[in-house]
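Close look at the chain arrangement
Chain by chain, the residues run as shown.
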Amino acid sequence: MKAVTNERIKNITLALLASTIGLGLVVGLLNAPRQPGVAEQVLSMQTHLKLEQPVTAVLLAFRGYDTLLEIAVLVMAVIAVLILVPPRKARAAAPITAGPAPSPLMLWLLPRLLPVLVLIAGYLWWAGSSRPGGAFQAGTLVGAAAVIVLLSQQMRPPRLGRIWRAILVLGLLCFLAIGLLGLLWGQAFLQYPDSWAKALIMLIELTLSLSIGLCFMLLVLGVPPRRRDRFPGERS
Amino acid sequence: MSGLSFALAGAVLFALALHAVFARHHLLRKIIACNVAASGVFMILVGMSSGGSDGRADAVPQALVLTGIVISVSLTAFLLSLLRRLASGGGAARLPEDER
Amino acid sequence: MSPALLLPGLILPLVAAPVSFLLGRRALPWLPWLVALMVAGCLCGLAAPLLSEGELFLHLGNWEPPLGLRWRFDGLVWGMIAATTLVCLAVAVYADGYVPNRGRRGRWLGFWPVLFFLWGALNSLFLAGDIFNIYVTLELVSLAAVALVTLDGRPQALAAGMRYLLLALVGSLCYLLGIALLYASFGVLDAALLAERLQPGMTASLAMALLGVGLFLKTALFPVHGWLPAAHGEAPAPASALLSSLVVMGSLYVLLRLWLELFGAVLTPGLRQFVAVLGAAAVLWGSWLAMCQRRLKLVVAYSTVAQLGYPLLMVPLLETSGAAAAWSGGFYLLLSHALAKASMFLVAGVLLHAQGHDRIFQSRGFAGRYPMSVFAFGLAALTLLALPPSGGFIGKWLLLEASFGSGQWWWGLVLLLGGLLAAGYVFRVLVPIFGDAGHRHLEAVPLRMELAALSLAVGSVVLGLVAGAPVRALQAVVLP
């Protein structure tokens, strides 16, 4: 009985607290003064970089260091997940590869779908400089293609050997290396030489796409379940 | 003023999700609530930004949100793996203080 | 050498993280040493320009703020990075001895990239001059911290990590919301520019509250300290040392700097007193709980809750005549605490390793077999007790000077009472340890584990012996 009352008091307090926060935010947002951000400067400076897409310019040039750290977060998350995998289960069947047998439709579709996915990923990478797109969008598609292959059970999840590990950190290392190598030629940290800016950004984006794709695939795989936590209809 | 309405909706989402993070016991619900709260914050971030003079949107908040989404995805993936490990070890998808 | 070349050297641990992931065991033991030496070299090279200029800025990618990001480097950042480097190196040396002994080598390989990511993220956090960049580094720090908690995969550790990450995530969302408000209202993300543009008002107060709540959650300050003891107590000893000394120091540093530099005008005297009341509550309540614990790691973890309250006491004192003393005292305490607390957790790990558990009252005779570790524990405890000649003594002395000098004597009382309570929980641990071992069997522990703990404890004492120059460097930082 007492536990139930405590629970109710807790719920009411939480509800009051949350509504106060919501109300405070709404009032605060309605009354906030507005000053223009740096939109104008972005538009005027991005022409220097020969990048027509302002978001790409912000992500990889003006605030490139944020993106560098963001990749570090992604790689760190993958390592954190890998740490959670029990050692002997590293190759155990992940849930998505242990589902019901793939339908004939899926097997028919797979070889036709994959090239399209890869093509679109390549396009997104290339288009990133002038239109919406870029490394993350391309990487997501690469990751999705890998997940589809795993789902169709045509391939088992790879054991993370040296090559896979290298691909995993390739984007981060390439970004850091290009940022630091500039120091040797008298550039600032993370500064791209004017004539090379676009080429270097495209190179970083390409390596990032591959790394991000692999990262997303590993994050989707996650930690394999125990033997007895099978979903209905799964094969053993 | 459509930007502001997005921001206001984001504020409401954030408050609702914040409530859910603390009020719900099942960890999966807590994790989803964190995701909803993050979406609320992103909506505020984009909705409150004022664009340039020629009506083009400010690219900075969009870039910030892209960065934020990737971080949120990474953390969610780790949380889910943690949840699966926790549930397959102890059998419960709850924190000890929420057990009844 | 120009600072533009040396400052990027400070984030070399971020390069070492993927390298250690690729090389695995082959990166040991040389990689941590190499990185620490390079960072230390950069710090030495930066000392001279720092003394002449007072403050250095580096524009990343050569883009001027508000468009680009910049790093700010001053005496305080120098001290924070130096402490981080020292603790990370000592923990790396310790863990190299600790790891193979615990078996399960496969999983422990994950420790090294996480250590380097944490190290690089913290250095980057201290350098960051942009509030969104701080958000990203804080996320990297939190993620690495939780990965450290869950390192050995026991259910209690997993639950503690889960709770920690959920609260840290809520905290960072609050922080991000504060950033969204500030950018919409004032149009810049660079902290220094924001400080110029910020107008006190409802938005500024709301943003300050959101940033504050977020960072209180991440630092585990009273009253949201609940997650810390479980997380720090359940993590493996080298991980606990990193968490309890560096991770909380990072977010507390951000909290104090942002609040004092951005919101100096918004923080009314009443509000400042309130913040210090929370700090005082942390000191008293945390010390009391530390005294009630039966496991050594939990005693040390609760003592972290207590020690994190002290720097908050500087907030009301910064408006008084004792501002310089309060500022340097608060941060000096934070720095000495980092070294001392890391050392204490490393000793707790030696104890745990030697006898298989860390229950205080079943630890008789530990001192007889491991005098060096117990000596390290005692030296580190000097900082918690604020006895001379420790760094903690200097920090507390400066805070006391500020509090009595400015007439706000009640904070001085909190400082003294906190020291007394610390004596309580430290001696409660030391007394059984010095007892007679009898025929108890204690496992052997590699010497480098004990040496690592001892070197950090000695470091916290050295901070007290050579306090002159560092305190002057802290006071040279432009006061908010």
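Residues numbered from 1 in each chain as written. Chains lettered and ligands numbered in written order. Predicted model: local features only at pLDDT ≥ 70, side-chain atom pairs only at ≥ 80, totals over all residues. Heavy atoms only, no water.

The helix and strand inventory of chain C stands at 23 helices and 2 strands. A compact globule built from 480 residues should have a C-alpha radius of gyration of about 23 Å, and chain C, at 21 Å, falls within 12% of that. In terms of overall dimensions, chain C has a C-alpha envelope of 70 × 55 × 40 Å along the principal axes. (Helix = DSSP H or I, 4+ residues; strand = E, 2+ residues; numbered from the N terminus. Rg over C-alpha atoms; globule rule 2.2 N^0.38 Å.)

All names here are of chain C. Applying the stated rule across the entire model yields 18 aromatic pairs over all chains. Pairing Y94 with Y98 gives two aromatic rings, centres 5.7 Å apart and planes at 20°, and the pair type is stacked. Of the two residues, Y94 and Y98 both sit in helix α4 (residues 75-101), 4 residues apart, roughly one turn of that helix. For the pair shown, Y94 and Y98 are each scored as buried. Between F393 and W397, the ring centres sit 5.9 Å apart and the planes meet at 35°, which makes this aromatic pair tilted. Taken together, the positions of F393 and W397, both in helix α20 (residues 391-405) and 4 residues apart, correspond to about one turn of that helix. Ring pairing ties together the aromatic residues F126, Y253, W327 and F331, which thus form one cluster. (Phe/Tyr/Trp six-rings, centres within 6.5 Å; stacked < 30°, edge-to-face > 60°. Buried < 20%, exposed > 50% of the residue type's maximum accessible area, 1.4 Å probe, protein only.)

Counting residues in each nonpolar core, the largest one holds 310 residues, and the members touching the most others are Y65 of chain A together with F73 of chain C. The element that contributes the greatest number of residues to this core is helix α8 (residues 155-186) of chain C, accounting for 23 residues. When residues no more than four places from it in sequence are discounted, the contact partners of Y65 of chain A are F189 and L190 of chain A together with I11, L14, L60, L69, W71, S124 and N133 of chain C. Among the nonpolar cores identified, the runner-up in size contains 8 residues, and L117, L124, L141 and M202 of chain A belong to it. (Core = buried A, V, L, I, M, F, W, Y, C linked by side-chain atoms within 4.5 Å. Contact = heavy atoms within 4.5 Å.)

A few words now on the environment of A48 of chain C. Residue placement: A48 of chain C occurs in helix α3 (residues 30-53). Sequence spacing of A48 of chain C and N123 of chain C is 75 residues, and the spatial spacing of their C-alpha atoms is 19 Å.

So, about the pairing of strand β2 (residues 70-74) of chain C. Residues and elements named next belong to chain C. Of all 5 residues making up β2, 5 are buried, and the element is well covered by its neighbours. Every second residue of β2 is oriented toward a common face, with R70, R72 and D74 on one face and W71 and F73 on the other, all of them buried. Inspection of the sheet shows strand β1 (residues 55-59) paired to β2 by 5 bridges, in the antiparallel sense. Bridged to E55 within β2 is D74. (Pairing = 2+ DSSP bridges.)

Between chain C and chain A, the contact holds 53 residues from the first and 50 residues from the second. Summed over both sides, the interface of chain C with chain A buries roughly 4500 Å², with 75% coming from carbon and sulfur. Three residues, F21, W63 and L67 of chain C, lead the burial of chain C against chain A; their summed loss comes to 17% of the area buried on that side. Where chain C touches chain A, the interface holds 1 salt bridge. Of the charged contacts, one joins R63 of chain A and D130 of chain C as a salt bridge, the two residues approaching to 2.7 Å between their closest N and O atoms. Only α1 (3-6), α2 (12-23), α6 (111-127), α7 (131-149), α8 and α10 (202-219) of chain C provide two or more residues apiece to the side of chain C that touches chain A. The element contributing the most residues to the side of chain C that touches chain A is α7 of chain C, with 8 residues. Broken down by class, the residue content of the side of chain C that touches chain A amounts to 37 nonpolar, 12 polar and 4 charged. (Buried area = accessible area lost by both parts, 1.4 Å probe. Salt bridge = Lys/Arg side-chain N within 4 Å of Asp/Glu carboxyl O. Nonpolar A, V, L, I, M, F, W, Y, C, P; charged D, E, K, R; others polar.)

Tracing the chain through its elements places V93 of chain C in helix α4. When the C-alpha positions of V93 of chain C and A27 of chain C are compared, they lie 13 Å apart, and in sequence the two are 66 residues distant.

Okay, the side chain of T85 of chain C next. All names here are of chain C. Mapped onto the elements, T85 comes out in helix α4. Under the relative-accessibility criterion, T85 is labelled buried at 7%. Engagement of the side chain of T85 in a polar contact is seen with the backbone oxygen of I81, the distance being 2.8 Å. (Polar contact = N/O pair within 3.5 Å; in protein donor to acceptor, adjacent residues only side chain to side chain.)

Moving on: the packing of helix α11 (residues 227-234) of chain C against helix α12 (residues 237-262) of chain C. Residues and elements named next belong to chain C. Packing of α11 against α12 brings their axes to within 7 Å, and their N-to-C directions diverge by 140°. Classed by the angle they form, the pair α11 and α12 counts as oblique. Residue-level contacts link L228, A231 and H232 of α11 to S240, L243, S244 and V248 of α12. Partitioned by chemical class, the residues of the contact of α11 with α12 number 4 nonpolar, 3 polar and no charged. (Axes fitted to C-alpha atoms, helices over the stretch in contact; angles between N-to-C directions. Parallel < 35°, antiparallel > 145°, perpendicular 65-115°, else oblique.)

Turning to the confidence of the model for chain B, a few remarks are in order. As a note on interpretation, predicted positions should not be read in detail where pLDDT is low. The predicted model of chain B has a mean per-residue pLDDT of 87, with 89% of residues at 70 or higher. Helix α3 (residues 59-90) of chain B is the least confidently modelled element of chain B, averaging 90 in pLDDT, while helix α2 (residues 27-47) of chain B averages 95, the highest of any element. (pLDDT = per-residue confidence, 0-100.)

Contact with chain B, which involves 43 residues of that partner, is made by 47 residues of chain A. Roughly 3700 Å² of surface becomes buried between chain B and chain A when both sides are summed, with 71% attributable to carbon and sulfur atoms. Inspection of the region where chain B meets chain A yields 0 salt bridges. Summed over the shared surface of chain B and chain A, the number is 4 residue pairs in polar contact (both at pLDDT 80 or more). For the side of chain B that touches chain A, the secondary-structure elements that each account for two or more residues are α1 (2-23), α2 and α3 of chain B. Among the elements that line the side of chain B that touches chain A, the one with the most residues is α3 of chain B, at 18 residues. A class-by-class count of the residues in the side of chain B that touches chain A yields 23 nonpolar, 13 polar and 7 charged.

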